[in-house]
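Close look at the chain arrangement
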Amino acid sequence: MKDKVRRGGRNPSKADVTSLISGNDAVGNKQHEDSSFPVKIQGAGVEPFELQVLGFWLVQDAVMTLLLRDDVFPRSNLSLALAGTTLDPLAELQSLKGLKPGAVLRLVEEPYTAHSARLHLARVLELLRAPGPQDALREGRSPSILETLTQTPDSNLPNGKSLKRSLSNTKTEATKPDWAPPEYLLPGSSERPLMALLPHSSQPESPRYLRDLCLSCWNPAPGHRKLQGDFLYITVVTMEGRRCEITSFPKGFFLNRSTEEVFDPRPAQSSPVCHNFTDLLCHISPAFKQTLTTLKNRSQLPPVERMPTPYHTLSWLGPSCASRSHKNNFSRLGVEEQPATQAPDWNEELQAARDLPLGSLEERLQRDRALLHVNSAFVRAVMQGAETIVDGFAEPVNGNPEDPAFLWGGLFMSQGAASAIFGGDRGRRAAQRLELKGVQAYSDIEGLQGLHTLPTAIVDYRGMRLSAQGLAPGLEASEQDQATTPASRGLLYGVTAGPQESPHRRRLLERLAHAAKCLSLQRHVVVGPNDHKVPLFTSVDAQGLLGADGRFYILDVFRTFPADANFCPEVETESQTVPEEEESKTSTGEEKEKGGCLKEGWPENYHSVSGLPRSFTHGLCRLRPELVQAFIQHKHCQFTQCVRETLDANGGFEECATACDSRATQAVRVACKEVGSISDIIFEMRFNPSVFSPEVSFPPGESKSMKLQERLLREAAAFIITHQIPDFLEFCRQSNEAPMDGVSLKQALHQRGINLRYLGHVITTISQSQHKDCLRHIMRLVIGEIFTRSARRVFNSFLQGVDVPSLSVAVSHFLCCLLVPHFTPAPVCDETKKKSKRRGRGTGASESTPWSMLAGAELWNLVCQDAAETYNISDSLGPGPNHLVEHYGLQKLSLLREFCLKTGVQLRLRDYILDNQSKAPIGPDDILNIFPVVKHVHMPTVDASKAYRAAQNFIQKGLLDQAHEHLKEATYLFGRVCDDLHIEACYCHSLLAKVSFKQGKAAEARSVQLKAVVISERVLGFDHPNTIHQYALLGVYVFAGGEAALAQKCLLRARLLMLTVHGEDHPYTATLDSCLGLVLSGDQRGKFLKNALRLNTSFFGPAHLHTALTQQLLAQWMCSKGDYRSAMSHEKEALIAFTSMFGEDHPQSRCSKEFLCTITKQAVKVERSLRQAGAECAEQTVEDLSPTRAAVLEQMALLTGIKSITYRDGLQEYRKKHKALKAAVAKELGFLVSDELIASQTVNGEGKSSDQEAGSRKEAEDGGSPAAENTNEGQREPPVEETLMKNAATAVVNGHVVQANGREEKTDVDAGDSDRADSEGKTEDAESEAGAAGQEAGNSSQSSVNSNIVNGEMKSQPVEVNGAINGAGDISVSPSVLKSKGTWADVVSKPNGGRDTAVNGVAGKVTANGGVHE
């Protein structure tokens, strides 16, 4: 298994050991510190050194650690010996007799085999291919730019140490004069230089060791030399020009006497035999020896910057001189080539990794790491296979030109057959995408053992989409065996499986039933091919089989999720199979329905308002799983409301709670029927994935169930229009971290279950909104996303008619037609002919080529037609690209970036002028490459994610010490699994930096955030919105350490990326400008602050927190300039805003009022001095009103969301009502609640009392609070009375306290010591205020509901924690303040007496407003 796992990576063994080393050095790894001890290493031509080892290591772990040391690399095939005895590689170090601290271990050179000799040469190649600064761009990978900002030009320190500079070395930086920002970064500039995006790295280019290194022409060794041990013959050309022939044999390498013309394998005179290949090269080439010495003395970059990422992150910009950056990779040595007979069995490797044990933490980490390695190697193979197949280097195996299938590298790759039922080519692409989503859904089910899916990925390359899967293991047994036992072998489940009964089938059905419960799928019956009834737990296409490896597999899961009724109008008009007697009974009811709406389930006037349902371009429109879970939460809120109303109508809550009759049960039954629960005694929502499928027939007995399912699916479809889209736009209107580009827009919509086919409805909703102007940035993003997606579909068709030699010309021609208005093709053809003739390649593209005749107007019409068909928009794109720029404020550069990222096109790094109509702005030489774009299954990091979520729960409670410990543990676990190169690891490091900063550990926050920036750049992209956010946070942390110049660089880098990705007109630009106004000085400071005020006012209005903070910053700047009149004006506006938001008694309002009085007094004093003694005396009387560094840092933390202003008005009044409410609930339910119990329900997020600190320390020592253990492990459920008390106690909703009388009062409760709350500081944790991102639904019985029941109204409010940009996702935190009536509804709505902690019987990570945690 290890060999199979390691085969896919470049050097997996190195990655394993690096992970181990970084893990042992990482914070949080305390359990093995006591078992470490030093040993001395010597021998094998290496200078003696000391190595710190751990007792639980195996001997092979120590060997692999040694092989990675710079003074040992690239030696290989070594073993360890103790006292002359070679050690067993699988023995633990602590079990070896005589091995004690200070013991001497000798490195022993073992003889090579033919395989190990090739592995040694591969390590030598890794040395010769030392990465250079341009390698990432040349390979199409996103580089890390942070190193170029943190370097010191005047420093002689070797590269790599700049990221870890101590604060003592950088304190002088703050005293340096500020440098002026470039003109293109100033507010109002329209210049967008691309060259500034990727500055030149200080890392020197990799040196040249040899001119050439390849296999000799005398390979393979003849028979008589094989018998003497010759493995390989290698040709080397040194930098001195000497050509040498080298022989590889068991003892190592030696120089032979062969030449190009004569074969003479005898050793050359005075040629030594070297076990290490580089030792022999040093002997024959002095230049190689000198270069190798220089390389070993050069400091390396941190591992997170030089280790390969698990998946390819596309960079849409490449080197500025691609031909010059190409270099010899010595690939002719051939050590990386594998025979065709060794094609990996990807399915077996993946299933073997999944079957690894899960007993201990170490076993789970090894399993997660193995899964990640196998999947990443599989994805790399898919990329290589797509290029090989589409480029024409592979032949199909089926001979069907319409649907060719290919076998390459252990992969089965095909386009899939186009079906008229699903909608032709669009339907085929949708089926491939949905198949991947279905595989992901079944792979993510926790606790589902024994049900397997094939490794799956889809890849888009040169306009073609290929589906790639590992080879299925085949059916169990042969045809003869199946003839004797047909029911126990092979295909066990599916419509075509036929009726059968066997133990294998029963076990498979048990697993499918469990999966259906987790995915909220209903068991249903359909009519099979032979008119027999087939019970199904999946969609009608799915098949379950027993493979030859003895595992159960499920295939064809592309219709796993229920249909989207908004896009199934034809299916709705067809009559379902209904018995005549039932049809006559229900006809009267249906006639009544037609009076209000078309069919049951649609809201009133739904079709006339929304235009839905309507037809779509393909027939595979399915609901997203996030939408399904959000809709279930919505229905549960309706369920609890219905139960309460029924109890009120039957005598009230108190009477029903104390009486022992059936009224409570009847209320539950009525509510179940009302909301559409499949059970009449508990709330449980399931959906039939086969409903609205035109080719599926149901038996007559299923008619009632089908009507219910149709109604539920219509309600779920309408839920997108009536709830999810408005909630998304409301979040964007209130947040300054709204989506910035197409990727973040897609992520934000998908988190709420909104498919991208609803982009047209998002435009309609914005156009009809009264806040249309405040949502102009979202309108801009939606229009740009529609444009680029429609252009991509046209581009895919366009490329099908282009031959390979004309690809660069055709792509550049397409981009010019797309972005330049009225672009004509004639100049392109003429120029191409001239260039081709000059280069001696004959004539260029002929005028009769269809693609060369494409004009800009024709292309624009095709794009608009596709947008109208797909998104149902008309005239929104306008007559040309300039309309998008003028009407919506879109940037052509941003559109070009989005298009390249979606299609895999890589452009040459240079500045493009896209408005030049006289000359093509993009030429053929600007198209560097087209890379495959792969969508794949994401492998889980279970234990690391659990630790991360546990830390978020502690942050929600305000326990920063425990959160800090769990975050350190999570970072260690992420390092063990994925070497920190994982998106969730980036979010974890960012959150750890925030917590460290709040604890006063600025240096730790800085170092951790540096790593978060690098991870974001390499895993997500150097210009991803999350990278922008991480740079802004880094600017705050380095400013806290006194590095003002570096803070300016980070913030300006974030602004440069922001301008490129979106433009200046975005709320987050105001945040960056406000921070720049704090760290800069002079007139630049005023420019940025005024621009921030303009943006905040236009997006949020004058009475908003961001606007008020910017007004205050401007007032401070005006005071520093002596313009007190303007300062008073700005501070008055800030005071008005603070007073309207928080009240007059809030600390922020009082501080603003005091500062206004100070400004007024200073202005009066200056005016009086001017009148009495003139300007000179006035200058002497001016007091310095500039804020201190601590105050500036606090303001930056508020602006970036690290801290937030609390809402404290009416706190004492709320606490009285809060305690009274809890006491009332306990009294009605017969519970005894003491004051100690009430006090214990609250936790102060920033409490510093001795009792609280002692409690925090005790909880940290015990591994966390009991509440957190219940939350994360789900092993112990809280008692009902504790749950009810917690439900009644929790009242903070998005920064507001919901009063018991249903009136909202803006009050933020810092749960804990209220006597200190009004007088304590003005800021608290944003996470503590809003709730932890990723909190599981099993938190408590009320946590799975997340609803507010106030005077009969259900309220849920979305809260963004850490922003959608930095990956925490949309978090909907709305705990309930329940009256006694609502509490009883929660009790009776839970199955098993309220013990279940999740809605629908399944513990899911679902929020009330539809945000599903990824």
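Each chain has its residues counted from 1, following the order in which its sequence is written. For a predicted model such as this one, the threshold for reporting local features is a pLDDT of at least 70, and the threshold for listing and counting side-chain atom pairs is 80 or more; totals across whole chains, interfaces and linings nevertheless cover every residue. Remark: hydrogens and water are excluded; side-chain values derive from all non-hydrogen atoms of the structure.

Time to look at the pattern of salt bridges. Salt bridges are counted wherever a side-chain nitrogen of Lys or Arg sits within 4 Å of a carboxyl oxygen of Asp or Glu. Taken as a whole and judged by the stated rule, the model has 50 salt bridges. Across the salt bridge formed by Arg 551 and Asp 355, the nearest N and O atoms sit 3.0 Å from each other. Residue Arg 551 is found in the loop between strand E19 (543-546) and strand E20 (552-555), and its partner Asp 355 is found in the loop between helix H13 (346-354) and helix H14 (361-390); the two are separated by 196 residues along the sequence. We call a residue buried when its accessible area falls under 20% of the maximum for its residue type, exposed when it is over 50%, and partly exposed in between, using a 1.4 Å probe and counting protein chains only. On the basis of relative accessibility, which here comes to 14%, the residue Arg 551 falls in the buried class. A salt bridge links Glu 684 to Arg 686, with the shortest nitrogen-to-oxygen separation between them at 2.9 Å. Elements are defined by DSSP. Helices are runs of H or I of four residues or more, strands are runs of E of two residues or more, and each kind is numbered from the N terminus.

On to the packing of aromatic side chains, then. For Phe, Tyr and Trp, rings pair up if their centres lie within 6.5 Å, where Trp contributes its six-membered ring, and each pair is then called stacked (planes under 30 degrees apart), edge-to-face (over 60) or tilted (otherwise). Going through the model one piece at a time under the given rule, you end up with 22 aromatic pairs. For the pair Phe 249 and Phe 254, a centre-to-centre distance of 5.2 Å together with 80° between the ring planes defines the contact as edge-to-face. For the pair shown, Phe 249 and Phe 254 are each scored as buried. Relative to Phe 899, the ring of Phe 814 lies with its centre 5.8 Å away and its plane at 20°, an arrangement referred to as stacked.

A pair of cysteine sulfur atoms is labelled a disulfide when the two atoms are within 2.5 Å. A full pass over the atoms with the stated rule returns 0 disulfides. We note that Cys 817 lacks a disulfide partner, and the nearest cysteine sulfur, in Cys 816, lies 6.9 Å from it.

A few words on unusual backbone geometry. With glycine set apart, most residues show a phi of negative sign, and most peptide bonds adopt trans. For the bond running from Phe 73 to Pro 74, omega is 10°, close enough to zero to count as cis. Note on placement: Pro 74 falls in the loop between helix H3 (59-67) and strand E3 (78-82). The omega torsion across Asn 219 and Pro 220 is -10°, close enough to zero to call that bond cis. Topologically, Pro 220 is positioned in the loop between strand E6 (210-215) and helix H8 (223-226). Despite not being glycine, Ser 520 shows a phi value in the positive range, around 60°. Note on placement: Ser 520 falls in the loop between helix H17 (503-518) and strand E17 (524-527). The class for Ser 520 is buried, based on a relative accessible area of 1%. In this structure, Asp 875 takes a positive phi of about 65° despite not being glycine. Mapped onto the fold, Asp 875 is located in the loop between helix H30 (856-871) and helix H31 (881-888).

Should DSSP find at least two bridges between two strands, the strands are taken to pair. Strand order across the open sheet formed by 5 strands is E11-E12-E15-E14-E23, with antiparallel pairing between neighbours. On the outer flanks of this sheet lie strand E11 (405-408) and strand E23 (933-936), each paired with one strand and no other. Shown here is a sheet whose adjacent strand axes are inclined to one another by a mean of 25°, direction ignored. Bridge analysis of strand E14 (residues 456-461) against strand E15 (residues 464-470) gives 6 bridges, and the strand direction is antiparallel. Angles run from 0 to 180 degrees between N-to-C directions of axes, and those axes are lines fitted to C-alpha atoms, restricted for helices to the stretch in contact.

So, about the environment of His 1146. For His 1146, the location among the structural elements is in the loop between helix H42 (1124-1142) and helix H43 (1147-1173). On a C-alpha basis, the gap between His 1146 and Ile 1205 in space is 10.0 Å, while along the polypeptide they are 59 residues apart. There is a polar contact of 3.0 Å between the side chain of His 1146 and the backbone nitrogen of Gln 1148. The definition of a polar contact used here is a pair of N or O atoms within 3.5 Å, where within protein one atom must be able to donate a hydrogen and the other to accept one, and adjacent residues in sequence count solely through side-chain atom pairs.

As paired strands, strand E10 (residues 317-318) and strand E21 (residues 905-908) are joined by 2 bridges and run parallel to one another. Bridge pairing in E21 places Leu 317 opposite Leu 907. Looking at chain direction, E21 and strand E22 (residues 927-930) are connected through 3 bridges and run antiparallel. Counterpart to Val 905 in the pairing with E22 is Ile 930.

Per-chain confidence: the protein chain averages 79 in pLDDT, with 73% of residues scoring 70 or above. Every residue in residues 578-597 is under pLDDT 50, and counting partners more than four places away or in other chains gives 13 contacts. For residues 835-846, every residue scores under 50 in pLDDT, and the model assigns this stretch 15 contacts once sequence neighbours within four places are set aside. One confidence number per residue, pLDDT, is output by the predictor and ranges from 0 to 100. In what follows, a contact means two residues having at least one pair of non-hydrogen atoms within 4.5 Å.

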